[in-house]
Amino acid sequence: MSYFRPEIEAMQGYVPGEQPQVGKFIKLNTNENPYPPSPAVTRAVTATLERGLARYPDPLAAGFCQRAAELYGVDPDSILCGNGSDEILTILTRALVGQGELVRFPYPSYVLYRTLAEIQGARHEEVPFDADWSLPNAFAAPAPGLKLSIVPNPNSPTGTMIPPARLLELAEQSPCPLLVDEAYADFAETNCVSLVAQCDRLMVSRTLSKSYGLAGLRFGFLIAQPQIIEQLRKVKDSYNCDALSIAAATAAIDDTAWLADNRAKIVATRQRLTDGLQRLGFKVIPSQANFVWAQHPQHEPRPMYENLKKNRILIRPMNYPNWGEGLRISVGTDDQIDACLGLLEAMI
Ligand SMILES: Cc1ncc(COP(=O)(O)O)c(C=O)c1O
């Protein structure tokens, strides 16, 4: 006899990318930032430790919301903080989607969306991208039980983008809220933040894991109209962000010069990686994120991944049934990317 809800027994569970805790690897498999974060982060963490951790943190991380609101030109009540943007996704799914209801997202995209729907005992619908990486009107069509749509923008694993005006159109046509998951937006040319004020169905999530070099910190946030945030606050854990992460995240977003410098380095190395892979015969989709999707017409992704791993470089082989198999390679430093390209060249 099982103690668990049948939908939990039936699901596989999300499998995160490898995070080896011993040994030294060049990690190009989970879209982390290769550079250390702003030095202001260390100072903020140290100052918080000196004040002590005996007290609970601010339940709403109001200091962070205030600074983020100034930065993004929104009201502080438009911001909900989370333990990574994965927690924002969890809160939204729990709050909006009941058993048997429907979550819609593109295919291929971030596999966690499906897992979150499964935990709710909900259904999911994957709408394939068109050949030019746009989304068809079907993405906004009514469907029984449809409660939440999600578009990662830039998308993972492709790094492609839907123009903000098109996402606004889809949100306005949709019968349900649309979350634009902007985990990688700091590396892109555009984003949807300014559209939140225009459309109460459009929400934007952000993370400090990628562009701020703080994946280990676990901090993300949602920007949505205040009446949406008010409802979502009821669903989150009371103290979902800890005192160290709130202090560090606030210091990180304050250092806008660090972000601009980091973004410029990543964007330049992304081009170096794209050019290098193309020289080796890979088909590479132009990316607006901190990773690229690459497929080689003559070489299977799995042996290339395994060979690199033997040489202590981790990349991510991915297989999306009915779409394709390939390698997702995160943008590291120039040296890391040169090492990766050098090994791939020796294999090809
Ligand atoms: C599209 C997308 N959304 C969200 C996340 C989660 O990021 P976080 O570290 O903030 O939970 C990721 C992480 O890989 C991602 O690829």
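Refer to the structure printed above.
Residues numbered from 1 in each chain as written. Predicted model: local features only at pLDDT ≥ 70, side-chain atom pairs only at ≥ 80, totals over all residues. Heavy atoms only, no water.

Chemist: Pulling in residues and values, what's your account of the pairing of strand β4 (residues 123-128)?
Modeler: Here is the key point about a regular strand: its side chains alternate between the two faces of the sheet. Note: strand β3 (residues 102-107) against β4, six bridges, orientation parallel. Looking across to β4, one finds that Arg104 is bridged to Glu125. (Pairing = 2+ DSSP bridges. Helix = DSSP H or I, 4+ residues; strand = E, 2+ residues; numbered from the N terminus.)

Chemist: With reference to specific residues and values, describe helix α3 (residues 62-72).
Modeler: Where α3 is concerned, the buried positions are Phe64, Cys65, Ala68, Ala69 and Tyr72. Along α3, the residues classed as buried sweep out an arc of 130 degrees about the axis, all on the same side. Looking at the buried positions of α3, the neighbouring elements they touch are β2 (79-82), β7 (202-207), β8 (220-223) and α8 (243-254). Positioned one or two residues after α3, Gly73 has a phi angle of 65 degrees, which is positive. (Buried < 20%, exposed > 50% of the residue type's maximum accessible area, 1.4 Å probe, protein only. Arc of directions from axis to C-beta. Contact = heavy atoms within 4.5 Å.)

Chemist: Pulling in residues and values, what's your account of the site of the ligand?
Modeler: Around the ligand, the neighbouring residues are Gly84, Ser85, Asp86, Tyr110, Asp181, Ala183, Tyr184, Thr207, Ser209, Lys210 and Arg218. A distance of 2.6 Å is found between an oxygen atom of the ligand and a backbone nitrogen or oxygen belonging to Ser85. The separation between a nitrogen atom of the ligand and a polar side-chain atom of Asp181 is 2.6 Å. Out of a free accessible area of 400 Å², the ligand has 92% covered by protein chains. The residue inventory of the shell around the ligand, partitioned by class, reads three nonpolar, four polar and four charged. (Near = heavy atom within 4 Å. Polar contact = N/O pair within 3.5 Å; in protein donor to acceptor, adjacent residues only side chain to side chain. Areas by Shrake-Rupley, 256 points an atom, 1.4 Å probe, with all protein chains shown as cover. Nonpolar A, V, L, I, M, F, W, Y, C, P; charged D, E, K, R; others polar.)

Chemist: Tell me about the sheet that holds strand β13 (residues 324-330), residues and numbers included.
Modeler: Pairing is antiparallel in the open sheet, where four strands are placed in the order β9-β10-β13-β12. The open sheet is flanked by β9 (283-284) and β12 (316-320), the only strands paired with a single partner. Pairing geometry for β12 and β13, over five bridges, is antiparallel. By the bridge assignment for β13, Asn319 is matched with Glu325. With respect to the sheet, helix α10 (residues 301-310) is in contact with β12 and β13, its orientation differing from that of β13 by roughly 30 degrees. (Axes fitted to C-alpha atoms, helices over the stretch in contact; angles between N-to-C directions.)

Chemist: Just give me the short version of the packing of aromatic side chains, but keep the residues and values in it.
Modeler: Applying the stated rule across the entire model yields 14 aromatic pairs. Summarising the aromatic geometry, the rings of Phe105 and Tyr113 are spaced 5.6 Å apart at their centres and angled 55 degrees between planes, so their arrangement reads as tilted. Accessibility assignment for this pair places Phe105 and Tyr113 in one class, buried. Between Trp293 and Tyr320 the ring centres are 6.2 Å apart and the planes differ by 70 degrees, which places this aromatic pair in the edge-to-face class. Taken together, the residues span a long stretch of sequence, with Trp293 in strand β10 (residues 291-295) and Tyr320 in strand β12 at a distance of 27 residues. The same class applies to Trp293 and to Tyr320, which are both buried. Among the aromatic residues, those joined into a ring-pair cluster are Tyr107, Phe129, Trp133, Trp293, Tyr320 and Trp323. Taking NZ or CZ as reference, Lys265 lies 4.2 Å from the ring centre of Tyr35, over its face. (Phe/Tyr/Trp six-rings, centres within 6.5 Å; stacked < 30°, edge-to-face > 60°. Lys NZ or Arg CZ within 6 Å of the ring centre and 35° of its normal.)

Chemist: If you had to explain the pattern of salt bridges to someone new, which residues and values would you point to?
Modeler: The final tally for this structure, using the stated rule, is 15 salt bridges. The residue Asp261 makes a salt bridge to Lys265 at a minimum N-O spacing of 3.3 Å. Taken together, the residues span about one helical turn, with Asp261 and Lys265 both in helix α9 (residues 256-279) at a distance of four residues. Judged by its relative accessible area of 43%, Asp261 falls in the partly exposed class. (Salt bridge = Lys/Arg side-chain N within 4 Å of Asp/Glu carboxyl O.)

Chemist: Go over the packing of α9 against helix α11 (residues 334-347) with me, naming the residues and quoting the values.
Modeler: Running from N to C, α9 and α11 point in directions that differ by 10 degrees, and their axes come no closer than 10 Å. Considering their axes alone, α9 and α11 lie roughly parallel with respect to each other. Note on element contacts: α11 touches α9 through Asp334, Ile337, Asp338, Leu341 and Leu344, opposite Thr269, Arg272, Leu273, Gly276 and Leu277. (Parallel < 35°, antiparallel > 145°, perpendicular 65-115°, else oblique.)

Chemist: Any chance you could break down unusual backbone geometry for me, citing the residues and the numbers?
Modeler: Of note, the bond from Tyr107 into Pro108 is cis; its omega dihedral lies within 30 degrees of zero at 0 degrees. Relative to the assigned elements, Pro108 resides in the loop between β3 and α5 (112-119). Between Ser156 and Pro157 the backbone carries a cis peptide bond, its omega angle lying at 15 degrees. Positionally, Pro157 belongs in the loop between β5 (146-152) and α6 (164-173). Of note, the phi angle at Ala61 is positive, near 50 degrees, even though the residue is not glycine. If you trace the backbone, Ala61 turns up in the loop between α2 (39-51) and α3. For Ala61, a relative accessible area of 2% corresponds to the buried category. The backbone of Trp133 sits at a positive phi, close to 70 degrees, despite the residue not being glycine. Relative to the assigned elements, Trp133 resides in the loop between β4 and β5.

Chemist: Hey, could you go over the nonpolar core for me, with residue numbers and the actual values?
Modeler: Counting 50 residues, the largest nonpolar core has Phe64, Leu202, Leu208, Tyr212 and Phe219 as the members making the most contacts within it. Residues contacting Phe64, with those up to four places away along its chain left out, are Cys81, Leu208, Phe219, Phe221, Ile246, Ala249, Thr250 and Ile253. Residues Ile266, Leu277, Ala289 and Val331 belong to the second largest nonpolar core, which totals 27 residues. (Core = buried A, V, L, I, M, F, W, Y, C linked by side-chain atoms within 4.5 Å.)

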